[in-house]
Amino acid sequence: NAGVTQTPKFQVLKTGQSMTLQCAQDMNHNSMYWYRQDPGMGLRLIYYSASEGTTDKGEVPNGYNVSRLNKREFSLRLESAAPSQTSVYFCASSQNRVGELFFGEGSRLTVL
Amino acid sequence: KNEVEQSPQNLTAQEGEFITINCSYSVGISALHWLQQHPGGGIVSLFMLSSGKKKHGRLIATINIQEKHSSLHITASHPRDSAVYICAVEGGGADGLTFGKGTHLIIQP
């Protein structure tokens, strides 16, 4: 089983460029999440989707947009990348809002 | 917002030692998670618990709701246990999980 798949694994952007991180899960989970992980800090929630068709802001949503395309896919878009968005991004899913989390392998983004 | 503190931040031990990693939080929760992150980044869920104790192989997780404290124990530690161990809590007023900063564990042969 693939579990949670996110792409790309690595990306370098210039300030002002845009990009989309893709995430897909094959476990029929309702809830999906985007986190960022920065050195010396815990994982922080950017956006989450409790079910298909709904999305909500997390702790650090500024500069990001998301789309829950269907039950499987949850994408994260940076419209105008900034150096402060250099980070490792993790997509995760769970059966419901409360439950065991399954993570993707992470996407390392560098904004120059 | 819940404050999650892990200790120690870094831990180096010899193979075979008994390891304890601690997690404390400030506000009552509905559940607590222990996660493992190996070098290279992948994050795996180890335990989710809301009371008592859970065991999986050489790993044991306990939680004391009254004291707002959880521990992760590793028995007969092995170099492959080297990883970052992350505590995360659900509830306490936050959306979703609040994560600790992690404990970097190195087990030397």
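Preceding this section is the structure that the text describes.
Description of the structure in this document. (Residues numbered from 1 in each chain as written. Chains lettered and ligands numbered in written order. Predicted model: local features only at pLDDT ≥ 70, side-chain atom pairs only at ≥ 80, totals over all residues. Heavy atoms only, no water.)

Let's talk about the interface of chain A and chain B
Now for step 1: Each partner contributes to the interface: chain A provides 18 residues, whereas chain B provides 17 residues.
Now for step 2: For the pair chain A and chain B, the two sides together bury roughly 1400 Å², of which 57% comes from carbon and sulfur.
Now for step 3: The interface formed by chain A and chain B contains zero salt bridges.
Now for step 4: Viewed at the interface, chain B and chain A are joined by one residue pair in polar contact (both at pLDDT 80 or more).
Now for step 5: Counting residues per element, the ones that place at least two in the side of chain A that touches chain B are β4 (31-37) and β5 (44-49) of chain A.
Now for step 6: Across the side of chain A that touches chain B, the residue classes tally to nine nonpolar, four polar and five charged. (Contact = heavy atoms within 4.5 Å. Buried area = accessible area lost by both parts, 1.4 Å probe. Salt bridge = Lys/Arg side-chain N within 4 Å of Asp/Glu carboxyl O. Polar contact = N/O pair within 3.5 Å; in protein donor to acceptor, adjacent residues only side chain to side chain. Helix = DSSP H or I, 4+ residues; strand = E, 2+ residues; numbered from the N terminus. Nonpolar A, V, L, I, M, F, W, Y, C, P; charged D, E, K, R; others polar.)

A short note on the layout of surface pockets
Now for step 1: Approximately 1100 Å³ is the volume attributed to the largest pocket.
Now for step 2: Q37(A), D38(A), M41(A), G42(A) and L43(A) are the residues nearest the centre of the largest pocket, which is lined by 46 residues in total.
Now for step 3: Of all elements in the fold, only β5, β9 (87-94) and β11 (107-111) of chain A together with β1 (4-7), β9 (83-90), β10 (97-99) and β11 (103-108) of chain B reach the threshold of two or more residues within the lining of the largest pocket.
Now for step 4: Here the residues of the lining of the largest pocket sort into 17 nonpolar, 18 polar and 11 charged. (1 Å grid on protein atoms, 1.4 Å probe; cavity = no way out; pocket = protein on both sides within 12 Å on 5 of 7 lines; lining within 4 Å. Points joined across faces, edges and corners; volume = space filled by probe spheres on them.)

Quick word on the sheet that holds strand β3 (residues 19-25) of chain A
Residues and elements named next belong to chain A.
Now for step 1: Reading across the sheet, the four strands line up as β1-β3-β8-β7 and stay open at both edges, with antiparallel pairing between neighbours. Each end of this open sheet is capped by a strand with a single partner; those strands are β1 (4-7) and β7 (64-68). Taking each pair of neighbouring strands and ignoring which way they run, the sheet shows an average axis angle of 15°.
Now for step 2: The pairing of β3 with strand β8 (residues 74-78) spans three bridges and is antiparallel. When the sheet's bridge partners are listed, M19 is paired in β8 with L78. (Pairing = 2+ DSSP bridges. Axes fitted to C-alpha atoms, helices over the stretch in contact; angles between N-to-C directions.)

Things to note about the pattern of salt bridges
Now for step 1: Applying the stated rule across the entire model yields five salt bridges over all chains.
Now for step 2: We note a salt bridge from E79(A) to R77(A), for which the minimum N-O separation is 3.1 Å.
Now for step 3: The partner of D81(B) in a salt bridge is R58(B), with the nearest N and O atoms 2.9 Å apart. Placement of D81(B) in the loop between β8 (69-74) and β9 and of R58(B) in the loop between β6 (52-56) and β7 (59-64) is noted, with a sequence separation of 23 residues between them.
Now for step 4: Overall, D81(B) belongs to the buried group, its relative accessible area being 7%.
Now for step 5: For R58(B), a relative accessible area of 26% puts it in the partly exposed group. (Buried < 20%, exposed > 50% of the residue type's maximum accessible area, 1.4 Å probe, protein only.)

Bear in mind that shape data such as this cannot, by itself, settle questions of function.
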